[in-house]
Amino acid sequence: MTEASRVWMDNAYWENYQQDKVKCILMIVDENGVTTNQQLTLTKTAVDGSENTDWLELMDQVGADKITANTTERAELKQDQRKKEEQEKNEKERAQALHRLFEAKIQAFEIDTIKNSTNRVLKSKLRKAQNLIEVNVYSMMIIMEDINNAESGTD
Amino acid sequence: MQNQEPTKGFLIVASMERNFYLYAINLIESIKDHYPEAQIAFGVSEYLCDGRESIADHIFYVGDTQREKLIGLTKTPFDLTCYLDADCEVQHEDVATVFDLLEASDSDILFTALTKEREYCYKARTFPGGELELCGANFVYDNRKQIVKDLMNDWKDLYWAQFYENTWWPLNEAGSPDFQLYPESYKQWDQFTLWWLVNKVDKYKELKYDIIEDDARWNWYALYIESLVPTKGPPIITHHSWGIDKYNKTYGNIG
């Protein structure tokens, strides 16, 4: 393939803080007008210590300042994305917990003693329970009340 | 002569599945917890009853399909009716304001919304011929208006024709069911029927309806992600939509 033109895209970013390694895209247009994009990781110098001509060309076309700005922007975007993913994960877990809580309350109200209890206050507290521990505590209180009533012969 | 104060109450319907009955009882109790004066009408399949239904102020029996709600809507004993899906739970005292919101509005019905932003929670919303925007899960309606009564009757009748009797579906120019614009998979959804009535039936161009303010508070799906569904306050009604694959998939009904 004979290259008609080589253009380094201006979205390159540093791969390390020493700024001697860069991720970039080279756009090559051949003599037939066909464009090929190559994603490359360039180092400042070759293994033998010689100058990397691709590097020099990239610095000439895009420039170190632009690459630094891209790197900062990319890091901020990634951080925002991570935060958003974390937030969505936490909220999803909370939604799932809410659903489990709802099912637990429905199950609790299927226990005969709770179902038949006339203690509206405790039953209301059970319905408003904010977590599984509260569900268990209020369920237990209703059952204990029933046991105590049975022992003392009252209802 | 003085204007008579409209009667106001909540309508809940539970049919077919025992879980719906349990959810409905929980919902009724939760309404009374937060709004002790609330009047409640309960439409229920008789064979589901175990006595707990007596907490409702009005009880009427319905049949054994999944969409008895549509029959229930036509049988409300109240002038102003707040219909709630059985798998909801009231969690805030603001529930008592629902009738004030309807009376203060210029609308015959206030719905909650199905929106693009909340689509991740819905089984279906958009189709080539349109998009569902009104949620038929929780809404408040003025049953004194003839157009509202007609809508509720037509919603029931058309859904029955659409799904149970298979005698109605929108037609294309060739006179065949138009499954290109209106996919066959939407036949199961009564919300499609509602969409059709309010968008395609001339009679209902006169219907005044709107979305209730801060609507997500009135129909807070348990799988809503707070940062994606901003509200001005905590949920008033949480919707635990029955039939979901609980922790990984979307809801088993539209919304």
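Residues numbered from 1 in each chain as written. Chains lettered and ligands numbered in written order. Predicted model: local features only at pLDDT ≥ 70, side-chain atom pairs only at ≥ 80, totals over all residues.

**As for the overall build of chain B**
When you go through chain B residue by residue, the secondary structure sums to five helices and twelve strands. By the compact-globule yardstick of 18 Å for 255 residues, chain B fits well, its C-alpha radius of gyration being 18 Å. Reported as C-alpha extents along the three principal axes, the dimensions of chain B are approximately 55 × 55 × 40 Å. Looking at chain B alone, contacts between residues at least 24 apart form 68% of all its contacts between residues at least 6 apart. (Helix = DSSP H or I, 4+ residues; strand = E, 2+ residues; numbered from the N terminus. Rg over C-alpha atoms; globule rule 2.2 N^0.38 Å. Contact = placed C-beta atoms within 7 Å.)

**Some points on the overall build of chain A**
A count of helical and extended segments in chain A gives five helices and four strands. In sequence order, chain A lays out its α and β elements as β-β-β-β-α-α-α-α-α. Relative to a compact globule of 155 residues, whose C-alpha radius of gyration would be 15 Å, chain A shows 33 Å and is clearly more extended. Structurally, chain A occupies a C-alpha span of about 100 × 35 × 25 Å along its principal axes. Of the contacts formed within chain A by residues at least 6 apart in sequence, a portion of 44% connects residues at least 24 apart.

**Some remarks on the interface of chain B and chain A**
For an interface, size is often stated in terms of accessible area lost upon the parts coming together. Listed as interface residues are 16 residues of chain B and, on the opposing side, 16 residues of chain A. Ranked by residues supplied to the side of chain B that touches chain A, first place goes to helix α1 (residues 18–34) of chain B with six residues. Split by residue class, the side of chain B that touches chain A holds seven nonpolar, four polar and five charged. (Nonpolar A, V, L, I, M, F, W, Y, C, P; charged D, E, K, R; others polar.)

**Re the pairing of strand β4 (residues 35–43) of chain A**
Residues and elements named next belong to chain A. Summarising the sheet, strand β3 (residues 21–30) and β4 pair through nine bridges and their orientation is antiparallel. Of the residues in β4, the one forming a bridge with I25 is Q39. What sits between the antiparallel neighbours β3 and β4 is a turn of four residues, in which G33 has the positive phi angle 85 degrees. (Pairing = 2+ DSSP bridges.)

**Things to note about the confidence of the model for chain A**
Considering every residue of chain A, the mean pLDDT works out to 92; 97% of them sit at 70 or more. Least confident of the elements in chain A is strand β1 (residues 3–8) of chain A, whose mean pLDDT is 87; most confident is strand β2 (residues 13–14) of chain A, at 97. (pLDDT = per-residue confidence, 0-100.)

**Let's talk about the pairing of strand β2 (residues 40–45) of chain B**
All names here are of chain B. For β2, the buried fraction is high: six of the six residues fall into the buried class. A two-sided burial pattern is seen for β2, the buried positions comprising I40, F42 and V44 on one face and A41, G43 and S45 on the other. Regarding the hand of the β-α-β motif, the stretch spanning strand β1 (residues 8–14), α1 and β2 is right-handed. Inspection of the sheet shows β2 paired to strand β3 (residues 58–62) by five bridges, in the parallel sense. Across the sheet, residue G43 finds its bridge partner in β3, namely F60. (Buried ≥ 20, exposed ≤ 12 C-beta atoms within 10 Å, placed from the backbone. Right-handed = clockwise from strand over helix to strand, strands pointing away.)

**A closer look at the environment of B:E173**
All names here are of chain B. Structurally, the position occupied by E173 is in the loop between α4 (146–164) and α5 (190–200). The exposure class assigned to E173 is exposed, which follows from the 6 C-beta atoms found within 10 Å. It is 44 Å that separates the C-alpha atoms of E173 and N19, two residues lying 154 residues apart in sequence.

**Comments concerning the nonpolar core**
All names here are of chain B. Ranked by size, the top nonpolar core spans 73 residues in total, and within it I12, A14, A24, L27, I28 and I40 carry the most contacts. With nine residues, α1 is the largest single contributor of residues to this core. Beyond its immediate chain neighbours, meaning those up to four positions away, I28 contacts I12, I40, F42, I55 and A56. (Core = buried A, V, L, I, M, F, W, Y, C linked by C-beta atoms within 7 Å.)

**So, the confidence of the model for chain B**
All names here are of chain B. Counting all residues, the mean pLDDT for chain B is 91, and 94% of those residues have values of 70 or more. When the criterion is pLDDT under 50, residues 242–255 qualifies, and its contacts beyond four places in sequence or with other chains add up to 36 contacts. Here the predicted complex carries an ipTM of 0.77, next to a pTM of 0.78.

**Description of the environment of B:F78**
All names here are of chain B. Here F78 lies in the loop between α2 (68–74) and β4 (80–84). Once the C-alpha coordinates of F78 and L158 are considered, the two residues, 80 residues apart in sequence, prove to be 23 Å apart. Not counting the four nearest positions on each side in its chain, F78 is found in contact with T7, K8, G9, Q39, A41 and N143.

**Some remarks on the sheet that holds strand β12 (residues 237–239) of chain B**
Taken in spatial order, the three strands line up as β5-β12-β11 (chain B) in an open sheet, and their pairing is mixed. Pairing within the sheet leaves two strands with one partner each, and these edge strands are β5 (88–90) and β11 (220–221) of chain B.

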